[in-house]
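Spelled out from the first residue to the last, the chains are:
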Amino acid sequence: MVYQLGIIGGGVMGEALLSRLIAQGIYAPQQVIVSDPVPARGEVLRSRYGVTATTDNAQACQAEIILLAIKPQILSQLARQLAMVAIPPHSLILSILAGVPLARLAELFPQQPIIRVMPNTPATVGAGMTAIAPNAQVTPQQQAQAETIFQAVGEVVQVPEASMDAVTGLSGSGPAFVALMVEALADGGVAAGLPRATAQQLAIQTVLGTAQLLKERNLHPAQLKDQVTSPGGTTIAGVNALEQQGFRGAVMAAVLAAYGRSQTLGQ
Ligand SMILES: NC(=O)c1ccc[n+]([C@@H]2O[C@H](COP(=O)([O-])OP(=O)(O)OC[C@H]3O[C@@H](n4cnc5c(N)ncnc54)[C@H](OP(=O)(O)O)[C@@H]3O)[C@@H](O)[C@H]2O)c1
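Within each chain, residue numbers correspond to sequence positions counted from 1 in written order. Local features in a predicted model are, by the rule used here, given only for residues with pLDDT of at least 70; side-chain atom pairs are given and counted only at 80 or more, and totals for whole chains, interfaces and linings are based on all residues. To get the side-chain values, take all heavy atoms of the structure and skip hydrogens and water.

Draft legend 1. Main features of the overall build of the protein. Across its full length, the protein holds 12 helices and eight strands. The buried label goes to any residue with under 20% of its type's maximum accessible area, the exposed label to any with over 50%, and the partly exposed label to all in between, with areas taken from a 1.4 Å probe on protein chains only. Counting every position in the protein, which comprises 267 residues, the buried fraction comes to 36%. Long-range contacts, defined as pairs at least 24 residues apart, comprise 62% of the intrachain contacts of the protein with a sequence gap of at least 6. Under the convention used here, a 1.4 Å probe and the Shrake-Rupley method define accessible areas, while residue burial counts only the protein chains that appear. In the form shown here, the protein has an accessible surface area of approximately 14500 Å², with 59% of it arising from carbon and sulfur atoms. Positive charges come from Lys and Arg alone, negative charges from Asp and Glu alone, with His and the N- and C-terminal ends not counted. Taken as the charge location is NZ of Lys, CZ of Arg, CG of Asp or CD of Glu. A gap of 4 Å separates the mean positions of the 14 positive and 15 negative side-chain charges of the protein. Helical segments are the DSSP runs of H or I of at least four residues, strand segments are the runs of E of at least two, and each set is numbered from the N terminus. Contacts are assigned to residue pairs that have any heavy atoms within 4.5 Å of one another.

What follows is the structure in structure tokens.
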């Protein structure tokens, strides 16, 4: 049996992708094999999605597309396991391993077309932002296949590999920055007398709705800000307070700090 998709590592991200690829009919269950070292985990994935599960990574590596969804620190161990395994020469390697460069992946899979992929945590609820960077062996058809796979969990953009650290700093680390913003909004609401649960609901929906409005109306953020700041009103008073606290500089510094850290970890 030649599987179309082999997923190595049936953890959080592996399952997030698997669940949507099956639900959206992008792959039929019988076209997918997942390998994970824990048989009970494979059993869970088999019963939920009807896919084939194995503990043998070599078997999953016979697929046309091989998705590496293990933790980066497991990569050397995986390479040792696969050292004697013949991978079909045109099988595409998709790696979502944070911080692992194409050059390192090419050392381990010298014959293969490889795409380095950086998804983010909202992919687990289908609202991810994924950047992909292919190596020179990847065909346009394989790139389109990769885009289809990651569009199952959100949006996809292609970037040169040199931009992956910047992507990590923005969309990779961004969910944590936005979560802090949501928490701070809710804390502000509580400070102003709202019950915690109400404040949390207001904060989450405000962030979600604002992002949706910006996206659907294709507005520049400054346009939206101008639309909601009436002269002498409440919102401009809040914007003024944020500017005095250096809010935008702080957020930019956060992205740059994460970018710098990603560069350091990748060396
Ligand atoms: N989660 C995210 O939001 C996110 C975002 C961007 C990128 N990523 C990347 O996605 C990758 C996976 O992250 P994750 O959050 O899904 O991690 P995870 O939940 O720990 O999943 C990894 C899975 O791989 C299994 N595994 C361990 N050793 C293995 C081996 N030798 N062969 C096959 N499978 C093995 C693990 O089993 P055990 O649990 O039994 O060890 C686990 O089920 C990471 O490289 C990470 O950098 C994740």
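Draft legend 2. Examining the domain arrangement of the protein more closely. How far each domain reaches was decided by an automatic or database domain assignment. We note that the domain assignment places domain 1 (5–160) and domain 2 (172–265) within the protein. For domain 1 and domain 2, the distance between their C-alpha centres works out to 34 Å.

Draft legend 3. Main features of the site of the ligand. Residues are classed as near a molecule or strand on a simple rule: at least one heavy atom within 4 Å of it. The local shell around the ligand holds 23 residues, among which Val12, Met13, Asp36, Asn57 and Ile70 are the closest. Here a polar contact means two N or O atoms within 3.5 Å. Within protein one must be a hydrogen donor candidate and the other an acceptor candidate, and residues neighboring in sequence count only if both atoms are side-chain atoms. At 3.1 Å, a backbone N or O of alanine 98 approaches an oxygen atom of the ligand. Here threonine 121 contributes a side-chain N or O atom positioned 3.1 Å from an oxygen atom of the ligand. Protein chains bury 77% of the 890 Å² of accessible surface belonging to the ligand in isolation.

Draft legend 4. Representation of the pairing of strand E4 (residues 65–68) within the structure. Of the two faces of E4, both are covered, the one formed by Ile65 and Leu67 as well as the one formed by Ile66 and Leu68. Bridge count between strand E1 (residues 5–8) and E4: four bridges; the pairing is parallel. Each residue of the ladder has a partner; that of glycine 6, found in E4, is isoleucine 66. Here, a strand pair is defined by DSSP locating no fewer than two bridges between the strands. As judged from the four bridges shared by E4 and strand E5 (residues 92–95), these two strands associate in the parallel manner. Its bridge partner being in E5, isoleucine 65 is matched across the sheet by leucine 92.

Draft legend 5. Representation of unusual backbone geometry. At asparagine 218, a position not held by glycine, the phi torsion is positive, near 55°. In this fold, asparagine 218 is placed in the loop between helix H9 (196–216) and helix H10 (221–228). Judged by relative accessible area, which is 68%, asparagine 218 ranks as exposed.

Draft legend 6. The sheet that holds strand E6 (residues 114–118), seen in detail. Spatially, the eight strands line up as an open sheet ordered E3-E2-E1-E4-E5-E6-E7-E8, and their pairing is mixed. The sheet terminates laterally at strand E3 (52–54) and strand E8 (154–158), the two strands that pair on one side only. Put simply, the sheet's adjacent strands are angled 20° from each other on average, direction ignored. As paired strands, strand E7 (residues 128–134) and E8 are joined by five bridges and run parallel to one another. Paired with methionine 129 across the two strands is glutamate 155, which belongs to E8. Orientation is described by lines fitted to C-alpha atoms, with helices fitted over the stretch in contact, and by angles between N-to-C directions that extend from 0 to 180 degrees. Its contacts with the sheet put helix H7 (residues 164–172) on E6 and E7, and the angle it makes with E6 is roughly 35°.

Draft legend 7. Fine view of the layout of surface pockets. Cavities and pockets are defined on a 1 Å grid built over the protein atoms alone: a cavity is a set of grid points where a 1.4 Å probe fits but cannot escape, while a pocket is an open set with protein on both sides within 12 Å along at least five of seven lines, and lining residues are those with an atom within 4 Å of any such point. Grid points are joined across faces, edges and corners, and a volume is the space filled by probe spheres set on the points. Approximately 2600 Å³ is the volume found for the largest pocket. Considering the residues around the largest pocket, the lining is formed by 46 residues, among which Val178, Val207, Thr210, Ala211 and Leu214 are closest to the centre. Contributing elements (two or more residues each) for the lining of the largest pocket: E7, E8, H7, helix H8 (174–191), H9, H10, helix H11 (234–244) and helix H12 (247–265). Along the lines of polarity and charge, the residues of the lining of the largest pocket split into 31 nonpolar, 10 polar and five charged. Residue classes follow a fixed rule: Ala, Val, Leu, Ile, Met, Phe, Trp, Tyr, Cys and Pro count as nonpolar, while Asp, Glu, Lys and Arg count as charged, and any other residue, Gly among them, counts as polar.

Draft legend 8. Layout of the pattern of salt bridges. For this document, the term salt bridge refers to a Lys or Arg side-chain nitrogen within 4 Å of an Asp or Glu carboxyl oxygen. Counting across every chain of the model gives nine salt bridges. Linking lysine 225 and aspartate 226 is a salt bridge whose minimum nitrogen-to-oxygen distance equals 2.9 Å. Relative accessible area serves as the criterion here: at 37%, lysine 225 is assigned to the partly exposed category. Residue aspartate 226 is classed as partly exposed on the basis of its relative accessible area of 47%.

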